[in-house]
Amino acid sequence: MLLHVPMPSLREVGPDLLVAGILDRNPMAVGAVGLFLGMAGLYELYFAGISGQTLACRLMGIRLISYRGTPPGPARGLVRLVALAVSLLPAGLGWLWALFDREHRALHDHLAGTYVILEE
């Protein structure tokens, strides 16, 4: 027992346990989701915002730039991180936007003023 919460057995661990824990306001489940979102946010903020490339972007040969052609920077990276949540909320329609946009930019790229380009 940790934090007065019983620990599940290995057979009980899975996505349904996490969802049930969040719905029950289990402090360990809520903390796990908060930790995951915080780490994912820091990863996105550092790699996409400051260096212009996440590991996946590097593997695919693409780079994130601002309208000046430089990496977005921490402020624009933070705006893009918040805008990613806005793009995700209505069932991911912010990414669908890119299919119909002239420049093929997603909603979060428009809101943050960033572009995704192929590396040469």
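The structure under discussion appears in the preceding block.
What you are looking at is a predicted structure, and each value in this text was computed from that prediction instead of being measured.

1. So, the pattern of salt bridges
Next up, step 1: Following the criterion strictly, the structure yields 4 salt bridges and no others.
Next up, step 2: Here D109 and R80 are joined by a salt bridge, their closest N and O atoms 2.9 Å apart. Of the two residues, D109 is situated in helix α6 (residues 107-112) and R80 in helix α4 (residues 73-88); the sequence distance between them amounts to 29 residues.
Next up, step 3: With a closest N to O distance of 3.1 Å, R105 and E103 form a salt bridge.
Next up, step 4: On the basis of relative accessible area, R105 is assigned to the buried category, the value being 9%.
Next up, step 5: Where salt bridges share partners, they join E44, R80 and D109 into one cluster.

2. Examining a nonpolar patch on the surface
Next up, step 1: A contiguous nonpolar patch, built from Y43, Y46, F47, I50, L55, L59 and M60 and spanning about 750 Å² of accessible area, is present on the exposed surface.
Next up, step 2: Counting through the fold element by element, M60 comes out in helix α3 (residues 55-60).
Next up, step 3: When its relative accessible area of 59% is taken as the criterion, M60 is described as exposed.

3. A word on the packing of aromatic side chains
Next up, step 1: All told, the structure shown has 2 aromatic pairs when counted by the stated rule.
Next up, step 2: Here the aromatic rings of Y43 and F47 are separated by 4.9 Å at their centres, their planes lie at 50°, and the arrangement is tilted. Pair noted here: Y43 and F47 are both in helix α2 (residues 27-51), with a separation of 4 residues, about one helical turn.
Next up, step 3: Note on Y46 and F47: the rings are 4.9 Å apart at their centroids and 80° apart in plane angle, and the pair reads as edge-to-face.
Next up, step 4: On the accessibility criterion, F47 (31% relative accessible area) is partly exposed.
Next up, step 5: Aromatic ring contacts, followed pair by pair, group Y43, Y46 and F47 into a single cluster.
Next up, step 6: For R105, the ring lying beneath its charged end belongs to Y115, and the centroid distance is 4.0 Å.

4. So, the environment of G77
Next up, step 1: Inspection of the secondary structure puts G77 in helix α4.
Next up, step 2: Take G77: its relative accessible area is 7%, and that puts it in the buried class.
Next up, step 3: With 36 residues separating them in the primary sequence, G77 and G113 have C-alpha atoms 9.9 Å apart.
Next up, step 4: Setting aside anything within four residues of it in sequence, one finds G77 in contact with L45, G49 and P72.

5. Side note on the pairing of strand β1 (residues 62-66)
Next up, step 1: The element β1 is largely enclosed, with a buried count of 4 among its 5 residues.
Next up, step 2: Sheet analysis places β1 next to strand β2 (residues 114-118), joined by 5 bridges and oriented antiparallel. Bridging across to β2, I62 finds its partner in L118.

6. A word on the environment of V116
Next up, step 1: Relative to the elements of secondary structure, V116 occurs in strand β2.
Next up, step 2: Separated by 64 residues in the primary sequence, V116 and G52 have C-alpha atoms spaced 9.3 Å apart.
Next up, step 3: Beyond its immediate stretch of four places on either side in the chain, V116 contacts I62, R63, L64, R80 and D109.

What counts as what
Residues numbered from 1 in each chain as written. Predicted model: local features only at pLDDT ≥ 70, side-chain atom pairs only at ≥ 80, totals over all residues. Heavy atoms only, no water. Salt bridge = Lys/Arg side-chain N within 4 Å of Asp/Glu carboxyl O. Helix = DSSP H or I, 4+ residues; strand = E, 2+ residues; numbered from the N terminus. Buried < 20%, exposed > 50% of the residue type's maximum accessible area, 1.4 Å probe, protein only. Patch = residues over 30% accessible without salt bridge, like charges linked within 9 Å, V, L, I, M, F, W, Y side chains within 5 Å. Areas by Shrake-Rupley, 256 points an atom, 1.4 Å probe, with all protein chains shown as cover. Phe/Tyr/Trp six-rings, centres within 6.5 Å; stacked < 30°, edge-to-face > 60°. Lys NZ or Arg CZ within 6 Å of the ring centre and 35° of its normal. Contact = heavy atoms within 4.5 Å. Pairing = 2+ DSSP bridges.

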